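Residue strings, one per chain:
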Amino acid sequence: KSRAEVLEMLGDLPDADMAPPENVLFVCKLNPVTDDDDLAIIFERFGEVVSCEVIRDFKTGDSLNYAFVEFKEVEAALQAYFKMDGALVDDR
């Protein structure tokens, strides 16, 4: 809690009590060749994907090897979390 309060004081976080959305998954350790469309196709089997974004370096455009996947329903995000935890995507 104290870290969140510091971030709030610095202006990096609008509210120290703020929680991340339950329908958004953080996906890490991605293969650099994985793109938004590939990842969306993989996660669509759990439910409707609202958005899927592989985070990229703003100068080079290279993947930073992580992404955010937003589902329409929280249940779909939970199912994807439990089924895909530790799963290989593009051999990584």
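Going by the structure above, here's the rest.
Residues numbered from 1 in each chain as written. Predicted model: local features only at pLDDT ≥ 70, side-chain atom pairs only at ≥ 80, totals over all residues. Heavy atoms only, no water.

A.B. asks: So what's going on with the nonpolar core? Which residues, and what values?
C.D. replies: Leu39, Phe43, Val69 and Phe71 are the most contacted members of the largest nonpolar core, which totals 18 residues. Going through the elements one at a time, strand S1 (24–28), helix H2 (36–43), strand S2 (49–56), strand S3 (63–71) and helix H3 (74–84) are the ones with two or more residues in this core. No other element matches H3, which puts four residues into this core. Sequence-distant contacts of Leu39, that is, excluding residues within four places in its chain, are made with Leu30, Thr34, Cys52, Val54, Ala67, Val69 and Val89. (Core = buried A, V, L, I, M, F, W, Y, C linked by side-chain atoms within 4.5 Å. Buried < 20%, exposed > 50% of the residue type's maximum accessible area, 1.4 Å probe, protein only. Helix = DSSP H or I, 4+ residues; strand = E, 2+ residues; numbered from the N terminus. Contact = heavy atoms within 4.5 Å.)

A.B. asks: Give a description of the environment of Asn31 that names residues and reports values.
C.D. replies: Residue placement: Asn31 occurs in the loop between S1 and H2. On the basis of relative accessibility, which here comes to 16%, the residue Asn31 falls in the buried class. Between the C-alpha atom of Asn31 and that of Asp91, which follows or precedes it by 60 residues, the distance is 7.3 Å.

A.B. asks: Residue-level account of the layout of surface pockets, with values.
C.D. replies: Of the pockets and cavities examined, the largest pocket occupies roughly 350 Å³. If you trace the largest pocket, you find 15 residues lining it, with Val27, Cys28, Met84, Asp85 and Gly86 closest to the centre. Those elements giving two or more residues to the lining of the largest pocket turn out to be S1 and H3. Residue contributions to the lining of the largest pocket peak at four residues, all from S1. (1 Å grid on protein atoms, 1.4 Å probe; cavity = no way out; pocket = protein on both sides within 12 Å on 5 of 7 lines; lining within 4 Å. Points joined across faces, edges and corners; volume = space filled by probe spheres on them.)

A.B. asks: I'd love a proper account of the sheet that holds S3, names of residues and values included.
C.D. replies: Spatially, S1-S3-S2 is the arrangement adopted by the three strands of the open sheet, whose pairing is antiparallel. Edge positions in the open sheet fall to S1 and S2, since each of these has one partner strand only. On average, adjacent strands in this sheet sit at an angle of 15° to one another, irrespective of strand direction. Pairing between S1 and S3: five bridges, direction antiparallel. Along S3, the bridge assignment pairs Phe26 with Phe68. Packed on one face of the sheet, H2 meets S1, S2 and S3 and runs near 140° to S2. (Pairing = 2+ DSSP bridges. Axes fitted to C-alpha atoms, helices over the stretch in contact; angles between N-to-C directions.)

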